[in-house]
Amino acid sequence: MPSILITGANRGLGLEFATQYARDGWQVVATCRRAEDLPALEALADVGDVRSFALDVADFDEIDALAGELADESLDVLLNNAGLFGPKAGADKDLRQSFGHVDYEIWRDVFRVNAMAPLKMMESFVEQVARSEQRKMVTISSTVGSIAQADGGLYAYKTSKTSANMVMRAAAADLAPRGITTLAICPGWVQTRMGGEGAVLEAPHSIAAVRKLIRDVDPANSGAFVDYTGATVPY
Ligand SMILES: NC(=O)c1ccc[n+]([C@@H]2O[C@H](COP(=O)([O-])OP(=O)(O)OC[C@H]3O[C@@H](n4cnc5c(N)ncnc54)[C@H](OP(=O)(O)O)[C@@H]3O)[C@@H](O)[C@H]2O)c1
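Conventions and cut-offs
- Residues numbered from 1 in each chain as written.
- Predicted model: local features only at pLDDT ≥ 70, side-chain atom pairs only at ≥ 80, totals over all residues.
- Heavy atoms only, no water.
- Axes fitted to C-alpha atoms, helices over the stretch in contact; angles between N-to-C directions.
- Helix = DSSP H or I, 4+ residues; strand = E, 2+ residues; numbered from the N terminus.
- Parallel < 35°, antiparallel > 145°, perpendicular 65-115°, else oblique.
- Left-handed = near helix turned anticlockwise from the far one by under 90°.
- Contact = heavy atoms within 4.5 Å.
- Nonpolar A, V, L, I, M, F, W, Y, C, P; charged D, E, K, R; others polar.
- Buried < 20%, exposed > 50% of the residue type's maximum accessible area, 1.4 Å probe, protein only.
- Pairing = 2+ DSSP bridges.

Enquirer: Give a description of the packing of helix 3 (residues 60-69) against helix 4 (residues 104-124) that names residues and reports values.
Expert: For any two helices packed against each other, the geometry comes down to the angle between their axes and how far apart the axes lie. It is at 10 Å that the axes of helix 3 and helix 4 come closest, and there the two elements cross at 30°. If you check the angle between helix 3 and helix 4, you find them roughly parallel. The interaxial crossing formed by helix 3 with helix 4 has right-handed handedness. Facing helix 3, whose interface residues are Phe60, Ile63, Asp64 and Ala67, helix 4 presents Arg112, Met116, Ala117, Lys120, Met121 and Ser124. Here the contact of helix 3 with helix 4 is composed, by residue class, of six nonpolar, one polar and three charged.

This is the structure:
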């Protein structure tokens, strides 16, 4: 059966990805930032073939250590799902991503998780993906990272997702000789802790759609940025 590694799998979209892939018989490597959340993932062993590991994607030594531990394995899909939104101006009236109030330490933390960590994961796990059958690397992005569609505010989150899109696009070129396809996907506005209760989509619906896109991605479209419906999003 195919295999997938998912970051940030303890809740939200990551947990939904892990559940759906496990239910479909995939071998799932589910990772979460904090060891204390491992039980949430270990419970998925009842659903299917799920192995759980603690992995803080902001800690690049931890990424290398896990890649070393899994050195002999093959991964059909590397799924960069873990993400940080940062302060919310609307819901929490926290202006630290708003013009005139930007907290640059927060920007650095958000950027490390959303933009740098996906590339570090791809560098560290490239051999496992290259030896697999499907050879795909996917990052969960957001349409708010689209420069063409930008409005104001949300500087840390937006710029981090813009950069994540560039990472996937540039890596498409670098990884083509290894037969690896990359894709950046926006899951839509989904009901999770990040998306909030007012979000229009429920996680099972969004993730079922995103999984079809991952299944069907064509190497000719490597580096594309699409939303959960499959529509191309302008960078
Ligand atoms: N929900 C939406 O509407 C929406 C829309 C567009 C894009 N997205 C993207 O979809 C992805 C999943 O979001 P979500 O809605 O499921 O958000 P969420 O409910 O806030 O979950 C975020 C996940 O990322 C993990 N994470 C954060 N920092 C991490 C780190 N340093 N190392 C490892 N894991 C870390 C969290 O772990 P902890 O539990 O330890 O904090 C959690 O598992 C994100 O990349 C997000 O930007 C979501």
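Now that the structure is up, let's keep going.
Enquirer: With reference to specific residues and values, describe unusual backbone geometry.
Expert: A positive phi is found at Arg135, a non-glycine position, where the angle reads about 50°. Secondary-structure assignment places Arg135 in the loop between helix 5 (126-130) and strand 5 (136-140). Overall, the relative accessible area of 29% leaves Arg135 in the partly exposed class. Notably, Leu154 is not glycine yet its phi reads approximately 55°, a positive angle. Its location among the elements puts Leu154 in the loop between strand 5 and helix 6 (155-175).

Enquirer: Quick one: what's the story with the packing of helix 1 (residues 12-23) against helix 7 (residues 203-216), residue by residue and with numbers?
Expert: With their axes 10 Å apart at the nearest point, helix 1 and helix 7 run at an angle of 65° to one another. Classified by chirality, the crossing of helix 7 by helix 1 is right-handed. Residues Leu13, Glu16, Phe17, Gln20 and Tyr21 of helix 1 lie in contact with helix 7, whose contacting residues are Ala203, Pro204, Ile207, Ala208, Val210, Arg211 and Ile214. Of the residues contributing to the contact of helix 1 with helix 7, the split by class is nine nonpolar, one polar and two charged.

Enquirer: Break down the sheet that holds strand 6 (residues 181-186) for me, with residues and values.
Expert: Within the open sheet, the seven strands sit side by side as 3-2-1-4-5-6-7. Their pairing is parallel. Two strands bound the open sheet, and with one partner strand each, they are strand 3 (49-54) and strand 7 (224-227). Neighbour to neighbour, the strand axes of the sheet diverge by 20° on average, direction disregarded. Pairing geometry for strand 1 (residues 3-6) and strand 2 (residues 27-32), over four bridges, is parallel.

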